[in-house]
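Coordinates in review
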Amino acid sequence: MKKQCIYQVIPKGLLAGVLVTALSLLPGIAAAEVQVSILSNKDLINIGGNETANIGPDDDLGVIMALNGDGLYDVYAAYAKFGDDGSLGDLFFFDENSAIVQWDPNVALPAKLRGNVDLANSPVKDRTVSLLSKKLPAEHGFSAGTYALAVALSTSGQYDFPILEFIVINIQ
């Protein structure tokens, strides 16, 4: 009975986001890490790793990430669609306003989501970022197909990416 009351008052998507944040921000983790999660409708359907998140054309698609650990990092987030032959198409990066920007390979570095993030001392609100709000895939500009979404941490001022988390999203 109590469980039903909680779900009626607090949406499952919000609970999922809180759970991801709580799990990834546990104290005692010495190294930095990033966790990327997919929200569809009211459910958390993927927390990174090697699984594929399957999204129907009428399902909401949302993406959140949580950062944890120690160190000073620049944060990059990007996605690309796989072609029919398995190749990756154009790369799209999230800029400091979480807007999607197509990367121009003639430019030295792609857009940075966050710069000089001090993971040990940043408040939780700065370490949890909504990359895509929950909307239909087409509203985000996603058509049917398979996408790779990656979040990478780079040592501040460098371009080394010692930490990388990616997920695969299949939009039907």
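The structure presented is a predicted model; accordingly, all values stated were derived computationally and were not measured. (Residues numbered from 1 in each chain as written. Predicted model: local features only at pLDDT ≥ 70, side-chain atom pairs only at ≥ 80, totals over all residues. Heavy atoms only, no water.)

Now for unusual backbone geometry. A positive phi angle is found at serine 98, which is not glycine, with a value near 65 degrees. For phenylalanine 161, which is not a glycine, the phi torsion comes out positive at approximately 50 degrees. Looking at the secondary structure, you find phenylalanine 161 in the loop between β10 (145-155) and β11 (163-171). (Helix = DSSP H or I, 4+ residues; strand = E, 2+ residues; numbered from the N terminus.)

This paragraph deals with the pairing of strand β1 (residues 33-40). Among the 8 residues of β1, 6 are classified as buried, and the element is accordingly described as predominantly covered. Two strands pair when backbone bridges link them, and β1 and strand β4 (residues 61-68) are joined in this way by 7 bridges, in the antiparallel orientation. Pairing of leucine 39 across the sheet is with glycine 62, part of β4. (Buried < 20%, exposed > 50% of the residue type's maximum accessible area, 1.4 Å probe, protein only. Pairing = 2+ DSSP bridges.)

By the element assignment, serine 154 lies in strand β10. Leave out the neighbours within four places in its chain, and serine 154 touches Leu72, Tyr73, Asp74, Tyr76, Tyr159, Asp160, Phe161 and Pro162. (Contact = heavy atoms within 4.5 Å.)

Right, let's talk about the side chain of aspartate 74 for a bit. One can find aspartate 74 in strand β5 (residues 72-81). Polar side-chain contacts of aspartate 74 include one of 3.5 Å to the side chain of lysine 112. Of the polar contacts made by the side chain of aspartate 74, one reaches the backbone nitrogen of asparagine 116; its length is 2.9 Å. When sequence neighbours within four positions are dropped, the list of residues in contact with aspartate 74 reads Lys112, Arg114, Gly115, Asn116, Ala152, Leu153, Ser154, Thr155, Ser156, Gly157 and Gln158. (Polar contact = N/O pair within 3.5 Å; in protein donor to acceptor, adjacent residues only side chain to side chain.)

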